[in-house]
Amino acid sequence: MRYDARRSVPVRGHKQLYKFIRPVLFQLDPELSHNWSLGLLRQAYHLPGIAAALRRRFADRILSLPVEVMGLRFPNPVGLAAGLDKNARYLQPLADLGFGWLELGTVTPRPQAGNPKKRLFRLPAQEALINRMGFNNVGVTGFVKNLRAQNKPGLLGINIGKNRDTPIDKAADDYIAALRSIYPYADYVAVNVSSPNTPGLRELQETNKLQDLLSALKAEQARLHKKAGKYVPIALKIAPDLDDTEIAMIARLVLQHRFDAVIATNTTLSRPGIETVPQAAIAGGLSGRPLKDLSTRVVRQLYAKLRGQIPIIGVGGIGNAADAWEKLTAGADLVQLYTGLIYSGPGIVKSIVAGLKEHVNAYDVTDLSQALANARTNVPLPEPDTTESA
Ligand SMILES: Cc1cc2nc3c(=O)[nH]c(=O)nc-3n(C[C@H](O)[C@H](O)[C@H](O)COP(=O)(O)O)c2cc1C
């Protein structure tokens, strides 16, 4: 009997609770409700006993599913995607949801306000979001100050970008400046060349510009490695709106420059399957369920070219363990999510890790990478052992 990944995993308590909280949150403006929820969670952590209670509820009983990627040991393969904690303000509360790691940012060298509000929109029927935030953030100095004021709760990726008013031919200077400031605090750095909300940013994915950017970053990484005595891997975060030729070109360049990972993908400018929905006309990047297949396609194409030589972090439309498993079997080594957290609530991380663990057990192996190696080469699942359970 095959394991049914859609089968529910024991998270009913959180789901029930979130079912009551969600309609209240969804009455509020989306950006306001994100900020309030995170702000309230952070405040709650200052009340005696609350942090411990939350940790017990969400994190403590989480099944660990360790995996080694980029030379780092992740306690489980489900991470928080960039954009939720842009200013590194909510480390412990987010880590306590059970994420294997957090990716913070995007942070730019100088502070900037981002696009005018309203800039975040919900599409509840599609379990999707459209955002055009535009890298609103406190800048690297404020970001580092926030980081230093908190304990490090686990592995941290830091996602960097360029300021809106930096011309595209000077973009590398911004990435280098941000890299220098955050290098001592990051377990890995994500280079974001794929946000659709900073004019011209995606041009950095074109061959010559990408070639120049990757070589500048690798040179700076080598310099910082020597200076700090610590090697910090760098991942490239790419868009889902790339054709096969562009994906192949990116794969060739990351191999050539020995980049440490690729994160696939950011939000999409397309509106797959929701073209006729009135809200599809809202300008911005689409995330959540409608993005899922598009980003899995990019993961699959990349994996076909990279063949495990460079790890892939799969992100886009992951809402349950089956979605996460699909990304992993398509070639991802790790996965991340953002929109799924908004629609399914804080229990989602625990639910996905538990579901993935069942997939691993179904292959009768102890290790996620072994299970994935089998799944990717279509090794059949072992027959269930009926003698023990009979
Ligand atoms: C409101 C919002 C803000 C985001 N901000 C960033 C960002 O600053 N940097 C970045 O690399 N990705 C950002 N993203 C993209 C996510 O990290 C992720 O790649 C994308 O949403 C797809 O994953 P999901 O479908 O699980 O949300 C943002 C997404 C959302 C919804």
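Refer to the preceding data block for the structure.
No experiment lies behind these values; they were computed from the predicted model shown. Numbering of residues starts from 1 in each chain and follows the order in which that chain's sequence is written. A pLDDT threshold of at least 70 governs which residues receive local features in this predicted model, and a stricter bar of 80 or more applies before side-chain atom pairs are shown or counted, although totals over entire chains, interfaces and linings include all residues. The basis for the side-chain values is all heavy atoms of the structure; hydrogens and waters are excluded.

Explanation requested: the packing of aromatic side chains in the structure shown.
Each aromatic ring pair is characterised by the separation of its centres together with the angle its planes make. Aromatic contacts are taken between Phe, Tyr and Trp rings whose centres are within 6.5 Å, Trp giving its six-membered ring; a plane angle under 30 degrees counts as stacked, one over 60 as edge-to-face, and the others as tilted. Following the criterion strictly, the structure yields 3 aromatic pairs and no others. Consider the rings of F26 and Y343, whose centres lie 5.5 Å apart with planes at 85°: the pair is edge-to-face. With a gap of 317 residues between them, F26 in the loop between helix 1 (12-25) and helix 2 (30-44) and Y343 in helix 11 (residues 339-344) connect regions that are remote in the sequence. Accessibility assignment for this pair places F26 and Y343 in one class, buried. The aromatic ring of F26 is capped on one face by R122, whose charged end is 4.3 Å from the ring centroid. Put simply, DSSP H or I for four residues or longer makes a helix, DSSP E for two residues or longer makes a strand, and each gets a number counted from the N terminus. Only protein chains enter the accessibility calculation, which uses a 1.4 Å probe; a residue is then buried when its area is under 20% of its type maximum, exposed when over 50%, and partly exposed in between. Throughout this description, the term charge over a ring refers to an Arg CZ or Lys NZ atom that lies within 6 Å of the ring centre and within 35 degrees of the ring normal.

I'm lost on the side chain of S194 in this one. Help?
By secondary structure assignment, the location of S194 is in the loop between strand 8 (188-192) and helix 7 (207-228). A distance of 3.1 Å separates a polar atom in the side chain of S194 from a polar atom in the side chain of N266. Whether two residues are in contact is decided by their heavy atoms: any pair within 4.5 Å suffices. Discounting residues that sit within four places of it in the chain, S194 has contacts with L201, R202, Q205, K237, I238, A239 and N266. Residues adjacent in sequence count toward polar contacts only when both atoms are side-chain atoms; beyond that, a polar contact is any pair of N or O atoms within 3.5 Å, and within protein one must be able to donate a hydrogen and the other to accept it.

Before we go on, may I ask you to explain helix 10 (residues 321-330) in this structure?
Owing to its 3.6 residues per turn, the α-helix aligns residues three or four sequence positions apart on the same side. Within helix 10, 8 of the 10 residues are buried, which leaves the element mostly enclosed by the surrounding structure. By the burial criterion, the buried members of helix 10 are A321, A322, D323, A324, W325, K327, L328 and A330. Structurally, helix 10 contributes buried residues whose contacts are with helix 9 (292-306), strand 12 (312-315), strand 13 (334-337), helix 12 (348-362) and helix 13 (368-376). Among the residues of helix 10, the N-terminal cap falls to N320, whose side-chain oxygen and the backbone nitrogen of A322 are separated by 3.1 Å. In the segment just after helix 10, G331 is the residue with positive phi, at about 135°.

Quick question: what am I supposed to make of the nonpolar core here?
A general trend in soluble globular proteins is that nonpolar side chains are found buried together. I160, Y175, L236 and L302 are the most contacted members of the largest nonpolar core, which totals 109 residues. Here L302 is in contact with I238, I247, A251, V262, A264 and I312, once residues within four sequence places are set aside. Membership of the second largest hydrophobic core comes to 9 residues, among which are F121, L123, A280 and I282. Only buried Ala, Val, Leu, Ile, Met, Phe, Trp, Tyr and Cys residues count toward a nonpolar core, and they belong to the same one when joined by side-chain atoms within 4.5 Å.

How should the pattern of salt bridges be read in this particular structure?
Close approach of charged atoms lets side chains of opposite charge pair. Definition used for salt bridges: Asp or Glu carboxyl oxygen within 4 Å of a side-chain nitrogen of Lys or Arg. Considering all chains together, one arrives at 15 salt bridges under this definition. In this structure, D241 engages R202 in a salt bridge whose closest nitrogen and oxygen atoms are separated by 2.7 Å. Of this pair, D241 sits in the loop between strand 9 (234-238) and helix 8 (244-256) while R202 sits in the loop between strand 8 and helix 7, and the two are 39 residues apart along the sequence. Taking the relative accessible area as the measure of exposure, D241 reaches 31% and is therefore partly exposed. Exposure remark for R202: the relative accessible area of 16% places this residue in the buried category. Between E206 and K209 there is a salt bridge; the shortest N-O distance is 3.4 Å. Residue E206 is classed as partly exposed on the basis of its relative accessible area, which comes to 42%. For K209, a relative accessible area of 30% corresponds to the partly exposed category. Several salt bridges share partner residues, and in doing so they unite E127, R289, K292, D293, D323 and E326 into one network.

I'm lost on the site of the ligand in this one. Help?
Near residues are defined by distance, with any heavy atom within 4 Å of the molecule or strand qualifying the residue. Surveying the vicinity of the ligand reveals 24 residues, the closest of which are A82, T106, G288, G317 and T339. Here A82 contributes a backbone N or O atom positioned 2.7 Å from an oxygen atom of the ligand. At 3.0 Å from an oxygen atom of the ligand is found a main-chain nitrogen or oxygen belonging to T265. The Shrake-Rupley method, run with a 1.4 Å probe sphere, supplies the accessible areas, and residue values consider only the shown protein chains as cover. Protein coverage of the free-state accessible area of the ligand, which is 600 Å², stands at 98%. When residues of the shell around the ligand are traced back to their parent elements, those giving at least two are strand 4 (101-107), strand 6 (128-131) and strand 11 (285-288).

None of this, on its own, says anything about what the molecule does.
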